[in-house]
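Residue-level listing of the chains:
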Amino acid sequence: WRGLEATPHSTLVPSDEVTINYRHGLPVITLMLPTRSERCQFTVKPVVTTVGAFLQDVQREDKGIEKAEVFATDGSKVSDATLMEVLLMNDFKLVINNRAYSVSPPVKDKLSSEHATEMEDIKSLVHRLFVALHLEDHQIRKERELLQKLDHLKGELLPLEQMRARIMNSADAKTSRLLWVGLALMSAQGGALAWLTWWVYSWDIMEPVTYFITYGSAMAFYAYFVLTKQDYIYPHAKDRQLLHYFYRKSKKQRFNVERYNKLKDELAEAEESLRRLRQPLHLRLPIQEISDKD
C-alpha cells in the first residue's frame, strides 16, 4: 500500500450504497453506478483478482467513471496489485470520481472441519488426476530430451575417445618397454655378481658389495615412499608410470583431459537418469512402445 491521502473534496456516501455478500463461496460486490444510476453486481475471485482488475471492471461497466481508487481507513491508498482477498479482510473506502463509499466487508463464515476435510480430499483427487493425465507425456518428453543429450555427448566424445585410445596405447607400450628394461638390468646385475664371485674374486670380497647393493635398493624403495606416500607395489608403480606417460603425451598432443572427464561424467549421469526413468515403477507406457524404444 502506498501512503497517498484520499481526495479531500470527495463526498462520503453511506455504506449501504456498496454491499458485499458471499454467494457460492465468492464475494459479490454490489454498488450504484454513478452515471447510469443503476445497481450493478461484480463477482470477484479473491485469490486471483487484484484491486486494479476490479476497478477496471467497474470502469468498463460505466464509461462515465473517470477515476476509481481504493483507500484504507487510515487514508492510505491501496495498491492496484493487492489481491481482493487481502482487501476484503478489513474495512476500506471506494472512491469513484469524487464520491467516497465506506465499505465494511462481512466476516466470512469459517468452514466446518468436515467440509474442510472434504475440500482437502477433492484437492488431493484433482492433483492425482492431473499427475495421471500428464505424467506419461512428461516422461516421454523427458526421455526424448535425455536421448538427444546422449547423442550430443557421444558425438563430442567420439574424437576424444579415439585420441585417448592412441595416447593410451603409446603410454602402455612405453611402460611395458620400461618394465622389460628393468628386468634386463636386474638380470645383468645378477650375472655380473655371479661372475665376479666365482671367476674373478671370492665370496669374502663380494659379500660387502652385495650388502651395500641391497641396502641401496632399500633406500631407493624408501625414497619412493617419501615422494609418493605409497608403498612400492609393482602393479601400483606400473599404473603410476603409465599415468605419467599418458599425461605427458596428452600435453604434447593437446588432449584436454579435463574436458574429456567432464563429458564422461555428464554421459554417465544422463545414462543413469534414463535408466531410472525407464524403470517399470516410473514409466507407465504400453509394452509395445517400450519394446520399440529399447
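Keep in mind that this is a model prediction, so the values were computed, not measured. (Residues numbered from 1 in each chain as written. Predicted model: local features only at pLDDT ≥ 70, side-chain atom pairs only at ≥ 80, totals over all residues. Heavy atoms only, no water.)

1. Things to note about the overall build of the protein chain
Each helix and strand in the protein chain was counted, giving 7 helices and 7 strands. Taking all 294 residues of the protein chain together, the buried fraction comes to 25%. In the protein chain, once contacts between residues fewer than 6 apart in sequence are set aside, the share between residues at least 24 apart is 60%. Accessible surface, the protein chain: about 20900 Å² in total, of which carbon and sulfur atoms supply 57%. (Helix = DSSP H or I, 4+ residues; strand = E, 2+ residues; numbered from the N terminus. Buried < 20%, exposed > 50% of the residue type's maximum accessible area, 1.4 Å probe, protein only. Contact = heavy atoms within 4.5 Å. Areas by Shrake-Rupley, 256 points an atom, 1.4 Å probe, with all protein chains shown as cover.)

2. With respect to the packing of aromatic side chains
Counted according to the given criterion, the structure contains 7 aromatic pairs. Seen from their ring centres, Y211 and Y215 are 6.5 Å apart, and the 20 degrees between their planes marks the pair as stacked. You can see Y211 and its partner Y215 sitting in helix α4 (residues 203–228), 4 residues apart, about one turn around the helix. (Phe/Tyr/Trp six-rings, centres within 6.5 Å; stacked < 30°, edge-to-face > 60°.)

3. Some remarks on unusual backbone geometry
The backbone of R254 sits at a positive phi, close to 60 degrees, despite the residue not being glycine. Owing to a relative accessible area of 77%, R254 belongs among the exposed residues under this scheme.

4. As for the nonpolar core
Core analysis: the biggest nonpolar cluster contains 24 residues, and L31, F54, V70, F92 and L94 have the highest contact counts within it. At the level of secondary structure, the elements contributing two or more residues to this core comprise β2 (18–23), β3 (26–33), β4 (38–43), α1 (51–61), β5 (68–72), α2 (84–87), β6 (92–96) and β7 (99–103). By residue number, the principal contributor to this core is α1, which donates 4 residues. Residues within four places of L94 in sequence aside, it is in contact with L31, L55, E69, V70, R99, A100, Y101 and V103. Formed by 18 residues, the second largest nonpolar core is a distinct cluster that contains A171, L242, F255 and L277. (Core = buried A, V, L, I, M, F, W, Y, C linked by side-chain atoms within 4.5 Å.)

5. Quick word on α4
For α4, with 26 residues, the first-to-last C-alpha span of 37 Å sits near the 38 Å given by 1.5 Å per residue. Within the sequence span of α4, burial applies to M206, T210, Y224 and T228. Following α4 by one or two positions, K229 adopts a phi angle in the positive range, close to 60 degrees. (Expected span 1.5 Å × (residues − 1).)

6. Here we look at helix α5 (residues 234–252)
Every α-helical turn comprises 3.6 residues, leaving residues that sit three or four positions apart pointing alike. In this model α5 runs 27 Å from its N-terminal to its C-terminal C-alpha over 19 residues, within 8% of the 27 Å that 1.5 Å per residue would give. Every buried residue of α5 is listed here: A237, L242, Y245, F246 and S250. One or two positions beyond α5, positive phi appears at R254, with a value near 60 degrees.

7. Here we look at the environment of E266
Within the element layout of this structure, E266 appears in helix α6 (residues 257–277). Between the C-alpha atom of E266 and that of K149, which follows or precedes it by 117 residues, the distance is 9.3 Å.

8. Brief notes about the pattern of salt bridges
Applying the stated criterion to the full structure yields 6 salt bridges. The partner of K67 in a salt bridge is E69, with the nearest N and O atoms 3.6 Å apart. We classify K67 as partly exposed; its relative accessible area is 42%. Here R259 makes a salt bridge to E156, at a shortest N to O gap of 3.0 Å. (Salt bridge = Lys/Arg side-chain N within 4 Å of Asp/Glu carboxyl O.)

From the geometry alone we can't say anything about function, so treat these as descriptive.
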